[in-house]
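Examining the three-dimensional arrangement
The residues making up each chain are set out below.
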Amino acid sequence: MMPMHFYFSDKVTLLFEFWDVSNVSGMALSLLVVLLMAVLYEVIKVGKAVFHHDMRSLKMTASGEAVGESETSSLDSETSHHAPINSAPSSHLPVIPESSLQTPARKRWFLYHVCQSAFHLLQVVLGYMLMLCVMSYNTWIFLGVLVGAGVGYYISYSILALHRI
């Protein structure tokens, strides 16, 4: 039976049955893997923030608020000069659904959204895996997760400061 308190040992089973650590070198390698997983978790968290910032700027251009308004107003002014004075609006023109109007900005926004979702999924999976590692109650593994989270925070948030988000 697994102990329900923290303990120091070089014997532990992590996440999967085949990840059975039984010696000091195996524990050192497992510590390194867990530490890198925690660093990756923090880097993904910052990557999501950078992607979110980029998506917000793309969303504005894709919705047509910033770029499209001047273009549509210039189109309206051009058509009003060339249209006959007493022409009625034609009701027999086909209506094009909004979803079929695929602009490059909307495709880029969709691609960013897919990437953001993939980053989120990867972050959730890594978070649960790290939680299960900590729940092994092995103190060395717990310290590896803590050090990895600290190093990951230090590295990734300095990168975030460079992006000025």
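Cut-offs and rules
- Residues numbered from 1 in each chain as written.
- Predicted model: local features only at pLDDT ≥ 70, side-chain atom pairs only at ≥ 80, totals over all residues.
- Heavy atoms only, no water.
- Phe/Tyr/Trp six-rings, centres within 6.5 Å; stacked < 30°, edge-to-face > 60°.
- Helix = DSSP H or I, 4+ residues; strand = E, 2+ residues; numbered from the N terminus.
- Buried < 20%, exposed > 50% of the residue type's maximum accessible area, 1.4 Å probe, protein only.
- pLDDT = per-residue confidence, 0-100.
- Contact = heavy atoms within 4.5 Å.
- Patch = residues over 30% accessible without salt bridge, like charges linked within 9 Å, V, L, I, M, F, W, Y side chains within 5 Å.
- Areas by Shrake-Rupley, 256 points an atom, 1.4 Å probe, with all protein chains shown as cover.
- Salt bridge = Lys/Arg side-chain N within 4 Å of Asp/Glu carboxyl O.
- Core = buried A, V, L, I, M, F, W, Y, C linked by side-chain atoms within 4.5 Å.

Glancing now at the packing of aromatic side chains. Taken as a whole and assessed by the stated rule, the structure comprises five aromatic pairs. Ring plane angle 75° and centroid distance 5.5 Å describe the contact between phenylalanine 6 and tyrosine 137, whose orientation is recorded as edge-to-face. Placement of phenylalanine 6 in the segment before strand E1 (12-13) and of tyrosine 137 in the loop between helix H3 (104-134) and helix H4 (139-163) is noted, with a sequence separation of 131 residues between them. Residue classification places phenylalanine 6 among the partly exposed positions, given a relative accessible area of 42%.

Below, the discussion takes up unusual backbone geometry. Trans peptide bonds make up the majority, and among non-glycine residues the majority have a negative phi. Positive phi values are uncommon outside glycine, yet leucine 15 reaches one of about 60°. Here leucine 15 shows up in the loop between E1 and strand E2 (20-21).

Moving on, we come to the confidence of the model for the protein. For the protein, per-residue confidence averages 77 on the pLDDT scale, and residues scoring 70 or more make up 69% of the total. Here residues 62-87 is modelled with pLDDT under 50, and outside its nearest four sequence neighbours on either side it reaches seven contacts, counting other chains as well.

Taken together, the side chains of Val124, Tyr128, Met131, Leu132 and Met135 define a hydrophobic patch exposed on the protein surface, amounting to about 460 Å² of accessible area. Along the chain, tyrosine 128 turns up in helix H3.

One finds Val12, Leu14, Val34, Leu130 and Ile141 to be the most contacted residues of the largest nonpolar core, which totals 16 residues. Secondary-structure elements contributing two or more residues to this core are helix H1 (24-63), H3 and H4. With five residues, the top contributor of residues to this core is H1. Filtering out sequence-adjacent residues up to four positions away, valine 12 remains in contact with Tyr7, Trp19, Asp20, Val21, Met27, Ser136, Asn138 and Ile141.

We now examine the pattern of salt bridges. According to the stated counting rule, one finds two salt bridges in the structure shown. With a shortest N-O distance of 3.5 Å, lysine 11 and aspartate 10 are connected by a salt bridge. Take aspartate 10: its relative accessible area is 23%, and that puts it in the partly exposed class. A salt bridge links glutamate 42 to lysine 45; the nearest nitrogen and oxygen atoms lie 3.1 Å apart. Placement of the pair is glutamate 42 and lysine 45 together in helix H1, with a separation of three residues, close to one helical turn. For glutamate 42, a relative accessible area of 8% corresponds to the buried category.

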